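Per-entry structural report
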Amino acid sequence: MSDISAGTSAAKPTVLFVCVHNAGRSQMAAGYLAALSGGRVEVLSAGSEPKDQINPVAIAAMAEDGIDIAHNVPKILTTEAVKDSDVVITMGCGDACPIFPGKRYEDWELADPAGQGIESVRPIRDDIKARIEKLLTEILPVTV
């Protein structure tokens, strides 16, 4: 796997998570990446049609795993956010995201937690966590 930060001036990689509402999946992914990277990754999230607030069930599911996303605010996807990112991960809104050469793009197929109860959101959360753990092994150098 190539170094995703090659050719960028950033000391650490920047990862952007994008979903439609920026209220569930992308917020959970950003929360995990921020927590699990220990500050070694710049984390952004946005939505093509952001909601007014974070999904309360997503907040509760993340709190169960010790991660607080309650104070996050959904943001609109901008071209600048994509340009500033080394890795762009979409979650059900790939067509809304501009494509630029030299970026790593992934589309994570995940169920939408909107309107679902905590029992349905926990497996989504756990799937996101596993994907974040794998992503970290791919974008961060191994430390001895």
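Scroll up a little and you will see the structure.
Description of the structure in this document. What you see is a predicted model, and the numbers here were worked out from it, not measured in a lab. (Residues numbered from 1 in each chain as written. Predicted model: local features only at pLDDT ≥ 70, side-chain atom pairs only at ≥ 80, totals over all residues. Heavy atoms only, no water.)

So, about the nonpolar core. Among the nonpolar cores identified, the biggest contains 28 residues, and Val15, Phe17, Met28, Ile89, Met91, Ile128 and Ile132 are the most heavily contacted of them. Elements that contribute at least two residues to this core include exactly strand S1 (14–19), helix H1 (25–37), helix H2 (56–64), strand S3 (87–91) and helix H4 (118–139). It is H4 that contributes the most residues to this core, 7 residues altogether. In terms of nonpolar packing, the next biggest core, distinct from the first, is built from 8 residues, Ala46, Leu77, Ala81 and Cys97 among them. (Core = buried A, V, L, I, M, F, W, Y, C linked by side-chain atoms within 4.5 Å. Buried < 20%, exposed > 50% of the residue type's maximum accessible area, 1.4 Å probe, protein only. Helix = DSSP H or I, 4+ residues; strand = E, 2+ residues; numbered from the N terminus.)

What follows covers the sheet that holds S1. Here 4 strands make up an open sheet; going across it, the order is S2-S1-S3-S4 and the pairing parallel. Looking at strand neighbours, the two that pair on one side only are strand S2 (42–47) and strand S4 (104–107), the edges of this open sheet. Across the sheet, the mean angle from the axis of one strand to that of its neighbour is 15°, orientation sign disregarded. Pairing between S1 and S2: 6 bridges, direction parallel. If you follow valine 15 over to S2, its bridge partner there is valine 43. H4 rests against S1, S3 and S4 of the sheet, and its axis sits at about 165° to S4. (Pairing = 2+ DSSP bridges. Axes fitted to C-alpha atoms, helices over the stretch in contact; angles between N-to-C directions. Contact = heavy atoms within 4.5 Å.)

Now for the packing of H1 against H4. Closest axis-to-axis distance for the H1/H4 pair is 9 Å, and the angle between their directions is 45°. Of the possible angle classes, the one that applies to H1 and H4 is oblique. Seen from above, H1 lies across H4 with right-handed handedness. Across the interface between the two elements, Arg25, Met28, Ala29, Tyr32, Leu33, Leu36 and Ser37 of H1 pack against Val121, Ile124, Arg125, Ile128, Lys129, Ile132, Glu133 and Leu136 of H4. Split by residue class, the contact of H1 with H4 holds 10 nonpolar, 1 polar and 4 charged. (Parallel < 35°, antiparallel > 145°, perpendicular 65-115°, else oblique. Left-handed = near helix turned anticlockwise from the far one by under 90°. Nonpolar A, V, L, I, M, F, W, Y, C, P; charged D, E, K, R; others polar.)

Here we come to the environment of glutamate 138. Note that glutamate 138 resides in helix H4. For glutamate 138, the side chain forms a polar contact with the side chain of arginine 104, separated by 2.3 Å. (Polar contact = N/O pair within 3.5 Å; in protein donor to acceptor, adjacent residues only side chain to side chain.)

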